[in-house]
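Observations on chain architecture
Spelled out, the chains give:
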Amino acid sequence: MSKNIVFYNDFHFGDLHYVRGFIKDMYEQLKDRHPNFYYYVNNDKIEIYKDLPFLVNIPSKNRNIQSKTHEDDENVYVNTWVGQDYMKYVKYGCSLYSYYLMFGDIYKYFGIELKNIDHYIPKVYYENLNKTYLKNIDTFIEENKDKKLVLICNGNVLSRQSQNFDFNPILTHLSSKYKNCLFIYTANLIVPRESNLIITNSIIKKEGVDLNEISYLSLKCDIIIGRESGPFCYTRVKENYLNDKKTYICFCNNKNEGLWHKSDYAKQIWSKNYVLGDIINVIEKEISLL
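No experiment lies behind these values; they were computed from the predicted model shown.

Re the sheet that holds strand β1 (residues 4-8)
Taken in spatial order, the 5 strands make up an open sheet running β3-β2-β1-β5-β4, and their pairing is mixed. Edge positions in the open sheet fall to β3 (56-57) and β4 (69-71), since each of these has one partner strand only. As defined by bridge partners, β1 adjoins strand β2 (residues 37-40) across 4 bridges and the pair is classed as parallel. Directly across from Phe-7, in β2, lies its bridge partner Tyr-39.

Re the layout of surface pockets
The computed volume of the largest pocket comes to approximately 780 Å³. Lining of the largest pocket is provided by 36 residues; of these, His-12, Gly-14, Leu-158, Gln-161 and Gly-230 occupy positions nearest its centre. Elements with a minimum of two residues in the lining of the largest pocket: α1 (13-17), α7 (200-204), α8 (211-218) and α9 (230-234). Here the residues of the lining of the largest pocket are counted per class, giving 16 nonpolar, 14 polar and 6 charged.

A few points about the pattern of salt bridges
If the charged atoms of two oppositely charged side chains come close together, the side chains can form a pair. Enumeration according to the criterion identifies 18 salt bridges in this entry. One salt bridge connects Asp-10 with Arg-63, and the closest N-O pair in it is separated by 2.9 Å. Placement of the pair is Asp-10 in the loop between β1 and α1 and Arg-63 in the loop between β3 and β4, with a sequence separation of 53 residues.

Topic: the nonpolar core
With 64 residues, the main nonpolar core has Phe-7, Met-26, Tyr-49, Leu-55, Phe-103, Phe-110 and Ile-184 as its most contacted residues. Here Phe-7 is in contact with Ile-23, Met-26, Phe-37, Tyr-38, Tyr-39, Tyr-40, Leu-55, Val-78 and Thr-80, once residues within four sequence places are set aside. In this structure, Val-150, Leu-174, Ile-225 and Ile-279 belong to the second largest nonpolar core, which totals 23 residues.

Looking at the environment of Lys-246
Considering the arrangement of structural elements, one finds Lys-246 in the loop between α10 (238-241) and β10 (247-251). Between the C-alpha atoms of Lys-246 and Asn-156, which are 90 residues apart in sequence, the distance is 23 Å. Setting aside its immediate chain neighbours within four residues, Lys-246 contacts Ser-218, Leu-219, Lys-220, Cys-221, Asp-222, Ile-224, Asn-240, Ala-266 and Lys-267. Here the side chain of Lys-246 touches Ser-218 through a polar contact of 2.9 Å, landing on its backbone oxygen.

Some words on empty space enclosed by the protein
Throughout the structure, instances matching the rule amount to 1 cavity of 30 Å³ or more. Looking at the largest cavity, its volume works out to about 30 Å³. For the largest cavity, the full set of lining residues is Phe-7, Tyr-8, Asn-9, Leu-16, Ile-23, Tyr-39, Tyr-40, Val-41, Tyr-49 and Thr-80. Listed by contribution, the elements that provide at least two residues to the lining of the largest cavity are β1 and β2. Residue composition of the lining of the largest cavity, grouped by class: 8 nonpolar, 2 polar and no charged.

Considering the packing of aromatic side chains
The full count for this structure, using the stated rule, is 22 aromatic pairs. Pairing Tyr-241 with Trp-260 gives two aromatic rings, centres 6.0 Å apart and planes at 45 degrees, and the pair type is tilted. Residue Tyr-241 is located in helix α10, and its partner Trp-260 is located in the loop between α11 (255-259) and β11 (267-271); the two are separated by 19 residues in the primary sequence. On the basis of relative accessible area, Trp-260 is assigned to the buried category, the value being 3%.

Focus on the sheet that holds strand β6 (residues 148-152)
In space, the 6 strands of this open sheet follow the order β8-β7-β6-β9-β10-β11, with parallel pairing throughout. Strands with a single pairing partner mark the edges of an open sheet, and in this sheet they are β8 (197-199) and β11. Direction aside, the axes of adjacent strands within the sheet are offset by 20 degrees on average. As paired strands, β10 and β11 are joined by 5 bridges and run parallel to one another. Note that in β11 the partner of Phe-251 across the bridge is Ser-271.

Brief notes about the packing of helix α5 (residues 131-143) against α8
When two helices pack together, their arrangement is captured by the angle between the axes and the distance separating the axes. Between α5 and α8, the shortest axis-to-axis distance is 10 Å and the interhelical angle comes to 30 degrees. In terms of axis orientation, α5 runs roughly parallel to α8. The interaxial crossing formed by α5 with α8 has right-handed handedness. Between α5, through Tyr-133, Leu-134, Ile-137, Asp-138 and Ile-141, and α8, the contact on the second element is made entirely by Glu-213, Tyr-216 and Leu-217. By residue class, the composition of the contact of α5 with α8 is 6 nonpolar, no polar and 2 charged.

Each value, and the rule that gives it
Residues numbered from 1 in each chain as written. Predicted model: local features only at pLDDT ≥ 70, side-chain atom pairs only at ≥ 80, totals over all residues. Heavy atoms only, no water. Pairing = 2+ DSSP bridges. Helix = DSSP H or I, 4+ residues; strand = E, 2+ residues; numbered from the N terminus. 1 Å grid on protein atoms, 1.4 Å probe; cavity = no way out; pocket = protein on both sides within 12 Å on 5 of 7 lines; lining within 4 Å. Points joined across faces, edges and corners; volume = space filled by probe spheres on them. Nonpolar A, V, L, I, M, F, W, Y, C, P; charged D, E, K, R; others polar. Salt bridge = Lys/Arg side-chain N within 4 Å of Asp/Glu carboxyl O. Core = buried A, V, L, I, M, F, W, Y, C linked by side-chain atoms within 4.5 Å. Buried < 20%, exposed > 50% of the residue type's maximum accessible area, 1.4 Å probe, protein only. Contact = heavy atoms within 4.5 Å. Polar contact = N/O pair within 3.5 Å; in protein donor to acceptor, adjacent residues only side chain to side chain. Phe/Tyr/Trp six-rings, centres within 6.5 Å; stacked < 30°, edge-to-face > 60°. Axes fitted to C-alpha atoms, helices over the stretch in contact; angles between N-to-C directions. Parallel < 35°, antiparallel > 145°, perpendicular 65-115°, else oblique. Left-handed = near helix turned anticlockwise from the far one by under 90°.

As structure tokens, this is what we get:
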């Protein structure tokens with residue numbers, strides 16, 4: 001008897017993004033045996049899989065944050081949280097390698113095989129998103145095609161991945177010194193009023209969760225800076241990793257998370273030095289190469 005597959009994850013936006021490649025692959029491999037695929041996330045996050053039309057969000061109470069899989073008469077429940085099984089997998093941090101190990105065990109349960117790890121670098125299917133917001137981004141990019149674009153994901157982290165240092169003096173310094181760059185920031189905190197500082201929601205113009213749209217915007221940026229907050233996680237997509245002109249700068253505690261996945265193309269820089277002057281120096285070194 002075929003059963004529904006219910007993916008569930010009660011944690012943060014980044015946790016949801018990092019598993020999308022595995023969910024899509026499981027669908028492709030299992031859709032003939034299991035025709036119905038569902039997912040459960042908290043209501044404030046239901047927008048995040050809108051680009052995967054085979055998924056339908058449903059309320060689900062039959063969840064266990066430690067088990068990988070469990071079943072009832074109608075459903076197979078698949079836990080996609082990397083901290084499951086009492087943190088068995090996070091010794092490698094929340095890196096793609098940790099997710100690959102975890103899903104290796106989940107795939108064995110279903111009798112299917114993992115592909116090469118590169119296959120699971122996340123991909124957002126932007127063509128399934130609202131075209132109005134993507135057009136807003138494209139218009140902004142066209143109007144600023146003569147500028148270098150630096151995306152700074154300045155929001156705080158929620159799971160102690162990094163120190164929540166203040167990005168404001170960094171934004172103040174960079175925007176004042178590098179007038180040929182546009183610095184695009186994601187969190188609506190108090191920031192200096194400079195003409196080359198712009199917040200993402202003034203570009204996208206979307207109410208509510210716009211992480212997939214920020215992901216699309218990141219494709220157009222030269223440098224991406226952050227510390228494993230939700231918006232920074234959503235810039236980790238296949239198109240960016242395969243772009244040898246893209247630079248990531250990540251400030252976080254765990255090197256495996258900072259570098260996240262080995263890339264022969266995109267440049268990745270990791271630092272756990274939270275001294276303000278040193279943070280600025282790391283960023284300025286890369287801006288000088290633009």
